[in-house]
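Report on the structure
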Amino acid sequence: MRNDEIEREAVRGNGAMARALDEAVAAGAAGEVPVGGVLVDGAGDIIAAAGNRVERDHDPTAHAEMLVLREGAARLGAKRLAGCDLYVTLEPCPMCAGAIVQARIARVVYGAADPKAGACDSLYRLADDPRLNHRAEVRGGLLAVECGALLSQFFQTRRPKREVITQL
């Protein structure tokens, strides 16, 4: 890549991830785990954006990634989203990574790694597994500090405070 291409890519990526963070903040404010996703076409235009809606929709598949894949497919009128990039604030889980492969996403860019359920780098590498018929390029760590802090803050407010017991 030439320097001007690298610079354009950085601006595009940061803008898409900033929008995904906005979606995550909105999801968190609604009581959802704060994860946001954005689907970008080959020209760099955002074609779908969403935050988690698992609680609101009473749907275990209503992850941000799944929602933007569905919306993107509907908007483009195609089940294959070849040439599209997915930006998401948290490393996709196995369900979402499988959908990414089925949708033929070109590239997945995520913010925070998920050591407990990540299926693109942390636990599994489903999105770019050479045994599958499609592989997406995977890049992690874009705005990782901001994405991780949002998740940490959310869970800190929901976990009960532990009492410190002192022995006499």
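Summarised in this report is the structure supplied together with it.

What counts and what doesn't
Residues numbered from 1 in each chain as written. Predicted model: local features only at pLDDT ≥ 70, side-chain atom pairs only at ≥ 80, totals over all residues. Heavy atoms only, no water. Core = buried A, V, L, I, M, F, W, Y, C linked by side-chain atoms within 4.5 Å. Buried < 20%, exposed > 50% of the residue type's maximum accessible area, 1.4 Å probe, protein only. Helix = DSSP H or I, 4+ residues; strand = E, 2+ residues; numbered from the N terminus. Salt bridge = Lys/Arg side-chain N within 4 Å of Asp/Glu carboxyl O. Pairing = 2+ DSSP bridges. Right-handed = clockwise from strand over helix to strand, strands pointing away. Expected span 1.5 Å × (residues − 1). Contact = heavy atoms within 4.5 Å. Axes fitted to C-alpha atoms, helices over the stretch in contact; angles between N-to-C directions. Parallel < 35°, antiparallel > 145°, perpendicular 65-115°, else oblique. Left-handed = near helix turned anticlockwise from the far one by under 90°. Nonpolar A, V, L, I, M, F, W, Y, C, P; charged D, E, K, R; others polar.

Of all hydrophobic cores here, the largest spans 44 residues; its most connected members are V38, L39, L69, L81, Y87, I100 and I105. Put simply, the parts of the chain that give this core at least two residues each are α1 (3-29), β1 (36-40), β2 (46-51), α3 (64-76), β3 (85-90), α4 (94-103), β4 (107-112) and α5 (144-158).

Once that is clear, we can look at the pattern of salt bridges. For the coordinates displayed, the defined rule picks out nine salt bridges. For R53, the salt bridge is made with D57, and the minimal N-O distance between the two is 3.0 Å. D57 sits in the partly exposed class, given a relative accessible area of 29%. Among the salt bridges present, the one from D121 reaches R125, with a minimum N-O distance of 2.7 Å.

Once that is clear, we can look at unusual backbone geometry. Glycine aside, residues mostly have negative phi angles, and peptide bonds mostly take the trans form. Residue R104 is not a glycine yet carries a positive backbone phi of 65 degrees. Assignment of secondary structure puts R104 in the loop between α4 and β4. Residue class for R104 comes out buried when judged on its relative accessible area of 17%. Backbone geometry at L143 places phi at a positive 55 degrees, although glycine is not the residue there. Looking at the secondary structure, you find L143 in the loop between β5 (137-140) and α5.

Attention shifts here to the pairing of β3. With respect to burial, β3 is a largely interior element, six of its six residues being buried. Inspection of the sheet shows β1 paired to β3 by four bridges, in the antiparallel sense. Looking across to β3, one finds that V40 is bridged to D85. Summarising the sheet, β3 and β4 pair through five bridges and their orientation is parallel. Each residue of the ladder has a partner; that of L90, found in β4, is A112. This β-α-β element, β3 to α4 to β4, shows right-handed connectivity.

Look at α3: 18 Å from first C-alpha to last across 13 residues, which is about the 18 Å you get at 1.5 Å a residue. For α3, the complete set of buried residues consists of A64, E65, M66, L67, V68, L69 and G72. Taken together, the buried residues of α3 touch β1, β2, β3 and α4. Following α3 by one or two positions, G77 adopts a phi angle in the positive range, close to 65 degrees.

So, on to the packing of α3 against α4. As a packed pair, α3 and α4 sit with axes 9 Å apart at the nearest point and diverge in direction by 20 degrees. Taken together, the axes of α3 and α4 lie roughly parallel to each other. In the crossing of α3 with α4, the sense of the turn from one axis to the other is left-handed. Here α3 contributes E65, M66 and L69 to the contact with α4, which in turn contributes M95, C96, A99, I100 and A103. Partitioned by chemical class, the residues of the contact of α3 with α4 number seven nonpolar, no polar and one charged.

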